[in-house]
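# Topology and contacts: notes
Listed here are the chains, written in short residue letters.
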Amino acid sequence: MNRFVLIGLCAWLSISFLTAQKTFPVNGAIDPKEGFYAFTHATIYQRYDKKLEDATLIIRKGRVVSAGQGLIIPKGAVVIDLKGKFIYPGLIEPYGTYGITEVKIDPANRRNQEARKGAYAWNDALKTDFNAYESFVYDGASAEEWRALGFGAIVSHRQDGISRGTSALLSLGDGPEQELILKEKAAHQLSFSKGTSAYPYPSSLMGVIALLRQTYLDGQWYAKTGRKEETNLSLEAWNHALLLPQIFETNNKMDATRAMKIAKEMGAQYIVKTGGDEYQWLESFKNAKSSLIVPVNFPAAYDLSDPVDAEQVSIQDLKHWELAPYNPGRIANAGITFALTSAQLKSKKEFLAQIRLAIEKGLPEEKALQAITWNPAVFVKAEDQLGSLETGKWANFIITSKTLFNAEVVLYQNWIQGKRYILKDLEEVDLNGNYSLKIGDKTMQLVVKGEAGKYKMNVKQDTLSADVKFSIQKQQLVLSFTGFDSTKYNLSGIAERNWTGRGKNQAGQWFDWRADWQSAADTKADTAKAEKKPEINNPGAVWAPFQAYGFEKRPVQETVLFKNATIWTNEAEGVLTNADLLIEAGKIKAVGKNLQAGNARVVDASNKYLTCGIIDEHSHIAISRGVNEGTQVSAAEVRIGDVIDSEDINIYRQLAGGVVASQLLHGSSNPIGGQSAIIKLRWGLEPEQMKIEGAPGFIKFALGENVKQSFYNVGGGRFPQTRMGVEQVYEDYFQQAEAYKKIALSGAVYRRDLDIETIAEILDKKRFITCHSYVQSEINMLMKVAERHNFRINTFTHILEGYKVADKLKNHGAGASTFADWWAYKMEVYEAIPYNAAILQKQGVVTCINSDDAEMARRLNQEAAKTMKYGGVTEAEAWKMVTLNPAKLLHLDQKMGSIKVGKDADIVMWNANPLSVYASADQTWVDGVLLFERSSEEKLHEELNKERARLVTLSQKDKGDAGAKQRPGRKQQLLYHCDTILEEY
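First things first, this report covers the structure right here in the doc. Model, not experiment: these values are computed from the prediction.

### Details of the sheet that holds strand β31 (residues 614-619)
- Spatial ordering of the open sheet is given by β31-β32-β34, a layout of three strands whose pairing is mixed. Each edge of the open sheet carries a strand with a single partner, namely β31 and β34 (677-680). Each strand axis lies, on average, 15° off the axis of its neighbour in the sheet, ignoring direction.
- As paired elements, β31 and strand β32 (residues 659-664) share four bridges and run parallel to each other. Bridging across to β32, S619 finds its partner in L664.

In structure tokens:
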């Protein structure tokens, strides 16, 4: 160390230590110790990427003075020789709850809670004003548990609510709370969980997202002008919290990407706590450029000894069990910044073992160390205090026997803020060896193998051997075993090179004993066993989607020429026989006879029927965690597009039925429902990629028994509860929207209200209504409301009494989306007739047949055929009811719904007349990509069975932790309908 560095260091020490004063009086003698230490001859990892051999670490008054090679030991420092030992920065837990009281609630009594009183947010799920540091209380037992694992600090918060308030960066040392709070406000914590809010809204995932989106806008309004109109402590705290790092909790890849989408939309940057399945959508996480907090709670192997039980476990769960330990390594290799968390582990003691497993599966050790020291500090902007052993930082470090990720490592000491916590005896003598054990006149051989903290002992005599139970504390040795003459011995002594002490047998007789070291123990077999790497299989492929029938490599667009088919064009050309169809770049290129192939793939379609794909105007598949946000009279602000589940197996099943597109609708629990999502069934792509580009906006309205809550009570008895109340809701909201438009056009600063803003889009004809309906009186009512406000209802769905008002529908300009032959399943359906669709069609109303059901959607071709039986519509008209007509109602008929040059190559090849009960789809193409092929089904099933068998065998080989394995169980999928209500989100 040169003279100038030494002078500067001394100056820093004098200033920093002179100013270190406490506000608490000392009731007794003052301890003047400064905690001045020099740790010499150690291997020091000063930072995750900076390793110092035979180096010295100097600390004083809880801070790092210096670390390096060849340092001059300052006078007065206590020197601790750590030759052969390792020093690492203390571990940091980035996602904990330590020291913060957990809030518990009985979900069954949530509605009986009293909402918080005061000048807070209207919704108790927003707890932004909560600060963890204000509630922190030192927990000695928990702190000791954390320290034993090498942790020195933790980012701690209360896991309650959508906006959970701020977390605190806490020291895991002991002492008064004032000295343990390293950073009062470390981060703003968010989640998709409503928590303990007594308010019914939100009751769905899409409602949570809508509330978040609105809160961002409300915060902006409050900062600009809202403070002049009201005092809102929650929004005040929200705006301050946005200046902090933002940590967002999610539990799976879809939620993680949803959070990252919100961040992008709102100009935020989230640190996303993930669910451990990021490897499945790695490219999306890489492109999002979000930092991650990644759990290491890799699933245990399944107990699949019973072949019947084995069938209960889904293929995706089996594959995730195999691939989850590869997740951290693949994240690291993708260049994504991440930290590792012990959150969700059954026992925190598994943490380092799980990281070692991840290292075996490809996680670089340097990245692992970075993820548990440096990155957690950086995430909460505390790298000036923690994460490395650099001058001026807190003296948080651990002393180990070996490298940290060695399976045999022993943690000796954990230093936190310069205070030592002893975990194992640092000065413990190496006891390995063969000893001559003498007890009275008896001599036996004592064999000791292993290392400090992991010794194994046994006694031998001739060919006999017995295990020895023992404990060692500060060289005090206690042994107990049963001799070969059945005598039980209990020995106590001093553990040095040779051992001596006193003992007692089962008869209570005392005796002297000694154990003399003779030779080194033969550890060759043990070493070979320790060094033997576990068998690492070549893991299975990551399927897209990560589901049965997923692709190892998703098919791409092709140039294809279908030859000699019967083509149903749905255009003026009608049905073409022995005709050809050419698709290229996802579009229909040519239709006619004797087309040339060029470089196209040729498909012999002789005796086959080619049609455009089926479009389901009314579907509830592929929606995550709630189809209804029915807790308020209007949910216009919620968006189905926020919660698309691209891995719903019903997507694949419906492709098998010739369906290529669906409108995913909000349910019918409130008069004004949420915004719909119109998707192509692009199996294997992610949610945002499923949305149809340029599709117009739609919204779900509803009439009738569901809305007035004839069968259930949503939101604690909310309005309306009569049909006339429903009309008043519409009038009120459209009047509010008209007033809102005037304010928005005035140029004044105003609060954006996403609920009313969406209604205003209807008035501006930028968003279209699909309305759940049954009886003629309400159908008439809504058309009159629309006409009073100068717009038209786009579609009445279900509309089972539509035949009574078909002429009025025609004059109004509304379309109809109905069932083929559903009736009498509730009171307002008693007058439904199966001739409804035909009557509407003949009156000139654009009419389609919808499913509203995951199973029925697979047979919409047969549903369309029923209109030929009931009403005598032509074959062409029937087919249009599930293709061109829904395309017209969705304003997508320029792109879809018929076979015409320039339209999307959404093509189905049928083995028979598509309206026949014997017809099945042989191939389904979406955007020129073959996503379903019936002839490949048998091969797919074989591959699925082969992969399952491989994983079952692999799982059976896995011994697990102490034999602990998961019990198999089948997960039941919830299929949504219009009236599906989730009790609580």
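### Some details on the sheet that holds strand β24 (residues 499-505)
- Reading across from one edge, β20-β19-β18-β17-β25-β24-β23-β22-β21 is the order of the nine strands in this open sheet, with antiparallel pairing throughout. The sheet is open, and its two borders are formed by β20 (464-467) and β21 (469-473), each paired with just one other strand. Adjacent strand axes in the sheet meet at a mean angle of 25° when their direction is disregarded.
- With five bridges joining them, strand β18 (residues 442-449) and strand β19 (residues 456-461) adopt antiparallel strand pairing. Bridging from a neighbouring strand, V447 pairs with N458 of β19.

### A closer look at the packing of aromatic side chains
- Under the defined criterion, the tally for this structure stands at 35 aromatic pairs.
- Between W568 and W879, the ring centres sit 5.7 Å apart and the planes meet at 85°, which makes this aromatic pair edge-to-face. Of this pair, W568 sits in strand β26 (residues 560-568) while W879 sits in helix α24 (residues 875-880), and the two are 311 residues apart along the sequence. Each of the two residues, W568 as well as W879, counts as buried.
- Plain terms: the ring middles of F701 and Y730 are 5.1 Å apart, the flat faces sit at 10° to each other, and that makes the pair stacked. A residue pair is termed long-range when its members are at least 10 positions apart, and F701 in strand β35 (residues 697-702) and Y730 in helix α18 (residues 723-746) qualify at 29 residues.
- Members of the aromatic cluster, joined through ring pairs, are Y37, F39, F397 and W415.
- Lying across the ring of W374, R47 places its NZ or CZ 4.5 Å from the centre.
- Geometry around Y421 places R147 over its ring, the cationic atom sitting 4.2 Å from the centre.

### Here's the deal with the pattern of salt bridges
- Inspection of the entire model under this criterion finds 53 salt bridges.
- For K971, the salt bridge is made with D317, and the minimal N-O distance between the two is 3.1 Å. With K971 in the segment after α26 (937-957) and D317 in helix α10 (residues 315-323), this pair connects stretches of sequence that are 654 residues apart.
- On the accessibility criterion, K971 (65% relative accessible area) is exposed.
- Since its relative accessible area comes to 16%, D317 is described here as buried.
- Taking the shortest distance from any N to any O, the salt bridge between D927 and R682 comes out at 2.7 Å. With D927 in the loop between β41 (921-926) and β42 (929-933) and R682 in the loop between β34 and α17 (687-690), this pair connects stretches of sequence that are 245 residues apart.

### Focus: the packing of α18 against helix α20 (residues 776-788)
- At a minimum axis distance of 11 Å, the contact between α18 and α20 shows a crossing angle of 15°. The angle between the axes of α18 and α20 places the two elements in the roughly parallel class. Handedness of the α18/α20 crossing: right-handed. Between α18 and α20, the residues in contact are R723, E727, Y730, E731 and F734 and E778, M781, L782, V785 and R788, respectively.
- Along the lines of polarity and charge, the residues of the contact of α18 with α20 split into five nonpolar, no polar and five charged.

### As for the packing of α18 against helix α19 (residues 754-763)
- Here α18 crosses α19 at 90°, and the two axes come no closer than 8 Å. The orientation of α18 relative to α19 falls into the category roughly perpendicular. Here Y733, F734, Q736, A737, E738, Y740 and K741 of α18 come into contact with α19, specifically with D755, I756, E757, I759, A760, I762 and L763.
- In terms of residue class, the contact of α18 with α19 is built from nine nonpolar, one polar and four charged.

Procedures and definitions
Residues numbered from 1 in each chain as written. Predicted model: local features only at pLDDT ≥ 70, side-chain atom pairs only at ≥ 80, totals over all residues. Heavy atoms only, no water. Pairing = 2+ DSSP bridges. Helix = DSSP H or I, 4+ residues; strand = E, 2+ residues; numbered from the N terminus. Axes fitted to C-alpha atoms, helices over the stretch in contact; angles between N-to-C directions. Phe/Tyr/Trp six-rings, centres within 6.5 Å; stacked < 30°, edge-to-face > 60°. Buried < 20%, exposed > 50% of the residue type's maximum accessible area, 1.4 Å probe, protein only. Lys NZ or Arg CZ within 6 Å of the ring centre and 35° of its normal. Salt bridge = Lys/Arg side-chain N within 4 Å of Asp/Glu carboxyl O. Parallel < 35°, antiparallel > 145°, perpendicular 65-115°, else oblique. Left-handed = near helix turned anticlockwise from the far one by under 90°. Contact = heavy atoms within 4.5 Å. Nonpolar A, V, L, I, M, F, W, Y, C, P; charged D, E, K, R; others polar.

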